[in-house]
Every structure is written in C-alpha cells, then in structure tokens.
Amino acid sequence: MSIVTRGVNIPLNRAEGDLEVRVEIEDGVVAEAWSAGTMYRGFEAMMRGRGALDGLVVTPRVCGICSLTHLSAAVAALDAIAGVEPPDNAWRLRNLALMMETIQSDVRQSILMFMVDFANRQAYHDLPLLEDACERYSPLAGRAAIEVVRETKRLLQGVAIIGGQWPHTSFMVPGGVTSMPDVSKILQCRIIIERFIAWYERTILGCSLERWQQVGSVTDLENWLEENDAHQDSELGFFLRIARQSDLHLLGRGPNRFLSYGNLVLPEDTTVGGFDGKVSRAGWAEGAEVFPLDAGKITEDTSHSWFAPGKPPLHPFDGETKPYASGHSGQVYSWVKAPRYDGQVAETGPLAEMIIDGRPLFKDLIERQGPSVFARQLARFVRPAALLPPMRVWADELRQHCMDLFYRSVKMIPDGEGVGMVEAARGALGHWVKVRDEKISHYQIITPTAWNGSPRDSEGRRGAWEEALIGTPIADQANPVAAGHVVRSFDPCLVCAVHCLQSGRRTGRMKIDSNR
Amino acid sequence: MKATIICIGNRFVPADAAGPTVYDRLRELALPTGEIDLVDGGLQGLNLLPLLERGGRVVFVDAVSGFVDNDADRLVLLDGAEISTWPEQHRFDHGAGIGYLLAVLPQVCDGEMPREIAVVGIEGTYDAQLIERAARLSIEVARHGLQGSR
C-alpha cells in the first residue's frame, strides 16, 4: 500500500520571488508538483501608453539581479523597430556589460545559493565532505562565500565604467550606447576583467581557461578531476566531488527539451567566433539533438494562470495580460503564464545554452545521463569560462577602435513592432514591443523563470521544474533538501518586489519577500 | 563629513515603494552638491557595496515592518551597527537587503568603511506628510549623524 502525503509546501528560502512549490509525496518520492508565482507583476499593462523609449528605464527595474539583461532586450526591440544597426563599438560595450552581469550572477548563484545547501548540518550530517563544505560556504564565514562577494563586486565595477552610472544604468539606446569610454577607462575595464579571470582560474576552476576548454566528455571530466590537487580543491572540483557523493546526477531530470534565444551579437569586425552572428546559438533541442529556433512558435498558455480565460495560447505579439483572479479555483494556481515552444515545455538557462551551442562535454553528458541537477549546475559553474575570453578580446578591440562610432543617430521610433531576444543569466528573455504614434501600444515580456517555473498548460503538461521535481526523494519532509536542489538548479527568479526590513522587536530579523 | 543617502525599494510595488518615494522627494529638495550624495538604490542589494566603501556617513531609507505599534509613529531611526548583528540576515538570496549588505561589508570592503550607517525606516502605509518627514530626517542624519538626530 502506498503512503501518500498531499499538499506539502517546499520551503524555498533564497529562491528569488514570490514562489510557492507544493508537492504530493508517494512512498517517499515526489509524485506531483505545482509551482505557483504568487504575485501579479503587470509590467506589460504598465508599459502601454508610455513613450516609446520608456522601456529602457522601466523594464530594467523588473529585476534587481538582471537589470542589464532587461535593458538589452528592451533596446534590441527598439533597434528592430527603428531599423538601425548599432556600430561595432556599441555591440562591444553592450556585450561586455551583459557578460559581466551574467558572470557575477552565475558565480553568486553557484556558491552563495546552491553550494551553501551542502553546509546544512541537519540535512548532510553524514556527508563526508560536510566540514569542508561548511568551511567553504557557511554564510558570512565560508571562505568561498566571502571571496565570491568580493570578486563579483569588483567585476561589476566594469559595468559602472561602461555605463557611466551605477546603479540603474540606461546607457543602451536605440542605435548604440550613450557612453564613449576613453582609452584609460577601457584599460581599467581590461584590468578588471584580467583580475577576475585570474581569480576564476585560481579559485573556481583550479586550472587555466584553456585547460578547462579541453574537457570535452564525461571521461575527460573524470580525468580532469583526478589530474591534480588544484583541480580537486577548486570550487568546481569540490562541486564534482560532492555531487558524486550526493547523487546530483539522479535528481531533477525535467522535460529534456531546451530553448535558447542565442546571445551576444558579434561586431562585424571581430576575431570572436560564434554562430549566425552571435556568440551563442539560438535553437531548440530535444535531448542533445538541436534544431533551428523559429520564434513564431512561441506562445503563452494561460489555462492554469490567473489571467482572463477563454483565449487559446497566443504568440507574445498578440498576447494579453489581463489579471483575473476568480473562478476555476484549484485549476488555476499561478500568476506566471505558461510559455511553450511549438506547444512543448522547455527548459532554458546555461545548460540549454551549452547543449544548443553543441559543447561536447554537455552533449556527452546529456546523451549518457540525461539532464539533471548536476548537469544544470555544472553548466552554470563553467559558463563564465566560455564568456571570459571574448570579453578580453572585445576590451582590446575597443582600445584599438576607440575613435570609431559608438552610436548611429535615431531621431524617433517609428510605428512598428520589434522583439528583443537575449539570454539572461537564467535563460531566454524576450521583450515583444509594438509602437504607435511614438507610444507603446503593446508590451509582452517572457522571462526565463516563466519558461522554467511555468504552471501546467491546457494539455495538462507540467512546467519545467514541476516536471523535474517528479521522482525526487523526500527523506525528511521538514527539511526536503533534495527538492530544494532541484528547484534551485534552475536559479528561480520571479519578481523583484518587497524588500522590507522587519523586526521581531527584541530579536529583530530581516524578512525578504523577494519577488521577480 | 561626506554623506550618502541610499533609498531602497521597488517603486512598482506599493508595499516596498517608501524608499523610492523619499528619493523622489529628496531630488525635489535639491541636496547641496558635494555634501550629500543621493542614490536610487532600487533592488540592487549586493551591487550597492561599492557605495559603502567611501567612508563618511551612509543613510539608508527603506520600508520596515514590525518596529512600531499601530498607534505609534511610523517613522523609525535604526543603527546600522545593530542591524548587521541580526543573525536572520546572514543568508544570501537574490533579494539580499540591507542586513546582508551590512553584515558582509567588513569582510569585503576594498576602500574605507563608513564611519556611521543609519536606516530611516517607514512602517506600513504612508502619506505625503510621512514621506516629507522621512526625507527631512534622512538629511538631518546625513548631516549630523545618529546622535545628533535623536
């Protein structure tokens, strides 16, 4: 006879946002899962009727972590409507800023939000590496935790230099960028990048970027780990060792379908390579088999969301955002819509990027083991290794071409529609925009977490991490750390919202109901 | 002493919009250049660290909860040194706020630590009068410090 426990809420501290995950447990494993975004955001409705350029200022406030990514998507949509091609230097600066934001997010998520779970003495009291994990990751005390805060802070100084303002820079505009850093500023950026590379190689990888790029299969990865003490003692090496002990490769399979919009437009004159004009490729993958992306196949399903009912799944150029929080109680359960590609559930994020770019290690990993918490988190750990070398090149190219154009004049935004599709740290981000009479007539945003954390669709298909939770063992319902690993491996991020300093009077505490 | 006022919060969420609303009022008041820097801190969390490495005095303005009774004054003045010791604030998340920021600061500061950190807190709903008082108090604390403002 099966033992069924219904309605267990998974505590998700450090998940970004108003997120509730409820599961049904049968015989000690998750049998059903429901992921609910619990706050209406409504940015799309807020944008309608505003000036055409307002998205550049408003949408970066959607998210305190990836504001530059929203800025990048917003400006790309306006570039498309204006029919302007920014000059090479603008692409270099836009890309550098976006890469800095992505890298700091990857490193912070890996160490401060994912690995810190292994310093959980209650859950991992019998883990042989527990003491080492605590020494590395304990909040505000762990060696790695402190180093990550310090080094990512230094990296972000580069954004301040590039954007000329910190925080809340809006230096990207249709036609290019508003900043023209001189040689000394570019040199400062180059030094910041170089210092970060040295730290990333020494601490995160334990080897050079070049050595890491030679790892092209699961066998290579195992050999790399055994190669020397530096590899084993690095944060990546420690992750590999602890992942093995805690069977992370068996957790969080998910839909095994992947989506990436591609990222980082290549300047015309550059030595950086890529795919179809971008550093990373746009595509759709089923397992490790990759197909070209057709953006026309993206739709949003609202059958299980608190939005006005009665409409079939719509493309975001036709999409509506009309909150409707009554009726069908129990069937509808989230303020997040359900984006689908050709009707299918998809996972997005660093693992999707690695697979769609055809990175041999991840192709081999997916073919051998399928997707998992391990594969997803490994991709996030090592994505900076792919981004840092182009950053070095573009900083050098900026120095060589610093007298060239940074901006092509755009006098006004004409009537029209455009889409900005980029890769945020957490995956595919799109802004679909229509402009009429120099005002925004339509704005739809699909965030990475809408893809990963979507509710069910009209066919009853679970969202990506709902699906990934199925089969997760729950040894202790009071401390379901494995379920936490699964959801956290997607780096959930809903709506930046309430950061409210709270006090329990005598004890005083900070409660962060953070939403994205 | 050089001072920085950093207003925290999300202007698009009413429950968290007190800081940005005070920011808007402070901009209207045109703070004296060179004496007080005014920053819209938004939701930047850890990304505000570089603003805390310049010595001087730092005044945060933010929404607070649980500090005052319903019938009491909903404007509070808190000492940053006390907040940084609250153990519940020592976990990082995407929305890491003032508590985590202040707790981690001494370990990662590359520049000069602030000589004093204060938080001007606004509890619950607010009106223009409360925002005005919060703006005036933040200027007062920026100029004269906690002791000079209590």
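Residues numbered from 1 in each chain as written. Chains lettered and ligands numbered in written order. Predicted model: local features only at pLDDT ≥ 70, side-chain atom pairs only at ≥ 80, totals over all residues. Heavy atoms only, no water.

Per an unreviewed UniProt entry, the recorded name for chain B is Hydrogenase maturation protease, and the organism is Desulfofustis glycolicus DSM 9705.

If you check an unreviewed UniProt entry, chain A appears there as Hydrogenase large subunit from Desulfofustis glycolicus DSM 9705. Quoted verbatim from the Subcellular location (unreviewed entry) field of UniProt, the annotation for chain A is "Cell envelope". What UniProt records for chain A under Sequence similarities (unreviewed entry) is the sentence "Belongs to the [NiFe]/[NiFeSe] hydrogenase large subunit family." (UniProt positions renumbered as here; feature names shortened; annotations may be inferred.)

Enquirer: Could you give an account of the overall build of chain B, with specific residues and numbers?
Expert: Scanning chain B from terminus to terminus reveals 4 helices and 5 strands. Seen in sequence order, chain B has helices and strands lined up from the N terminus as β-α-β-β-β-α-α-β-α. Against the globule reference of 15 Å for 150 residues, chain B gives a C-alpha radius of gyration of 14 Å, in line with a compact fold. Taking the principal axes of its C-alpha atoms as reference, chain B extends roughly 40 × 35 × 30 Å. For chain B, the proportion of its 150 residues judged to be buried stands at 60%. Within chain B, contacts between residues at least 6 apart in sequence are counted, and of these 75% link residues at least 24 apart. Counting only carbon and sulfur atoms, one obtains 46% of the accessible surface of chain B, whose full area is about 5900 Å². Placing the 13 positive and 22 negative side-chain charges of chain B at their respective mean positions leaves the two points 6 Å apart. (Helix = DSSP H or I, 4+ residues; strand = E, 2+ residues; numbered from the N terminus. Rg over C-alpha atoms; globule rule 2.2 N^0.38 Å. Buried < 20%, exposed > 50% of the residue type's maximum accessible area, 1.4 Å probe, protein only. Contact = heavy atoms within 4.5 Å. Areas by Shrake-Rupley, 256 points an atom, 1.4 Å probe, with all protein chains shown as cover. Lys, Arg positive; Asp, Glu negative; His and termini not counted. Charge placed at Lys NZ, Arg CZ, Asp CG, Glu CD.)

Enquirer: Before we move on, can you summarise the overall build of chain A with the specific residues and values?
Expert: Regarding its fold elements, chain A presents 17 helices and 15 strands. Taking 2.2 N^0.38 as the reference for a compact globule, 516 residues should give roughly 24 Å; the C-alpha atoms of chain A span a radius of gyration of 22 Å, in line with that estimate. Once the C-alpha set of chain A is aligned to its principal axes, its extents read approximately 70 × 60 × 55 Å. Counting every position in chain A, which comprises 516 residues, the buried fraction comes to 63%. When contacts within chain A are restricted to residue pairs at least 6 apart in sequence, those whose partners lie at least 24 apart make up 70%. In the structure as shown, chain A presents an accessible area of about 18400 Å², 49% of it carried by carbon and sulfur atoms. Counting 55 positive and 64 negative side-chain charges, chain A places the centres of these two groups 5 Å from one another.

Enquirer: So what about empty space enclosed by the protein? Which residues, and what values?
Expert: All names here are of chain A. Throughout the structure, instances matching the rule amount to 12 cavities of 30 Å³ or more. Considered as a void within the structure, the second largest cavity measures approximately 170 Å³ in volume. Along its surface, the second largest cavity is lined by 16 residues, and L264, S280, E353, R383 and L387 are the ones closest to its centre. Only helix 4 (88-114), strand 6 (257-265), strand 7 (278-286), helix 12 (350-356), helix 14 (373-400) and strand 12 (416-424) provide two or more residues apiece to the lining of the second largest cavity. Broken down by class, the residue content of the lining of the second largest cavity amounts to 8 nonpolar, 3 polar and 5 charged. (1 Å grid on protein atoms, 1.4 Å probe; cavity = no way out; pocket = protein on both sides within 12 Å on 5 of 7 lines; lining within 4 Å. Points joined across faces, edges and corners; volume = space filled by probe spheres on them. Nonpolar A, V, L, I, M, F, W, Y, C, P; charged D, E, K, R; others polar.)

Enquirer: If you had to explain the packing of helix 11 (residues 235-245) of chain A against helix 14 of chain A to someone new, which residues and values would you point to?
Expert: All names here are of chain A. Put simply, helix 11 and helix 14 touch, their axes get as near as 11 Å, and they point 175 degrees apart. When the interaxial angle is binned, helix 11 and helix 14 end up roughly antiparallel. Seen from helix 11, the contacting residues are E235, L236, F239, L240 and A243; seen from helix 14, they are F374, Q377, L378, F381 and V382. Residues belonging to the contact of helix 11 with helix 14 are distributed by class as follows: 8 nonpolar, 1 polar and 1 charged. (Axes fitted to C-alpha atoms, helices over the stretch in contact; angles between N-to-C directions. Parallel < 35°, antiparallel > 145°, perpendicular 65-115°, else oblique.)

Enquirer: Account for the UniProt feature "binding site: Fe cation" (unreviewed entry) in chain A, with residues named and values stated.
Expert: The sites that UniProt annotates as "binding site: Fe cation" (unreviewed entry) are C66 and C496 of chain A. By the secondary structure assignment, C66 of chain A is in the loop between helix 2 (55-58) and helix 3 (67-82).

Enquirer: Provide a residue-level description of the sheet that holds strand 12 of chain A, including the pertinent values.
Expert: Residues and elements named next belong to chain A. One open sheet accounts for 3 strands, arranged 12-13-14; its pairing is antiparallel. Only two strands of the sheet have a single partner each, and these edge strands are strand 12 and strand 14 (439-446). Direction aside, the axes of adjacent strands within the sheet are offset by 15 degrees on average. Pairing of strand 13 (residues 427-436) with strand 14 involves 7 bridges; the strand directions are antiparallel. Pairing of K434 across the sheet is with H442, part of strand 14. (Pairing = 2+ DSSP bridges.)

Enquirer: Go over helix 14 of chain A, please, and point to the residues and values.
Expert: Residue and element names in this part refer to chain A. Between the first and last C-alpha of helix 14 there are 42 Å, a value that for 28 residues agrees with the 40 Å anticipated at 1.5 Å per step. The largest bend in helix 14 comes to about 35 degrees, at F381, with the proline P384 one to four residues further on. Residue S372 occupies the N-cap position of helix 14, its side-chain oxygen lying 3.3 Å from the main-chain nitrogen of F374. (Expected span 1.5 Å × (residues − 1). Bend = angle between axes of the 7 residues up to and from the residue. Polar contact = N/O pair within 3.5 Å; in protein donor to acceptor, adjacent residues only side chain to side chain.)

Enquirer: Mind laying out the UniProt feature "binding site: Ni(2+)" (unreviewed entry) in chain A, listing which residues take part and the relevant values?
Expert: Feature annotation in UniProt places "binding site: Ni(2+)" (unreviewed entry) on C63, C66 and C493 of chain A, given in this structure's numbering. Under the relative-accessibility criterion, C66 of chain A is labelled buried at 7%.

Enquirer: Could you give an account of the pattern of salt bridges, naming the residues involved and the relevant values?
Expert: Scanning all chains against the criterion turns up 42 salt bridges over all chains. In this structure, the salt-bridge partner of R154 of chain A is D110 of chain B, at a minimum N-O distance of 2.5 Å. Residue R154 of chain A is found in helix 6 (residues 143-163), and its partner D110 of chain B is found in the loop between helix 3 (98-108) and strand 5 (116-123); the two belong to separate chains. Looking at R154 of chain A, the relative accessible area reads 30%, which means it is partly exposed. The class of D110 of chain B is partly exposed, set by a relative accessible area of 39%. (Salt bridge = Lys/Arg side-chain N within 4 Å of Asp/Glu carboxyl O.)

Enquirer: Can you lay out the pairing of strand 10 (residues 338-341) of chain A for me, pointing to particular residues and giving the numbers?
Expert: All names here are of chain A. Burial along strand 10 is two-sided: A338 and R340 and P339 and Y341, pointing in opposite directions, are all buried. Of the strand pairs in this sheet, strand 9 (residues 298-301) and strand 10 are connected by 4 bridges, and their pairing is antiparallel. Pairing of I298 across the sheet is with Y341, part of strand 10.

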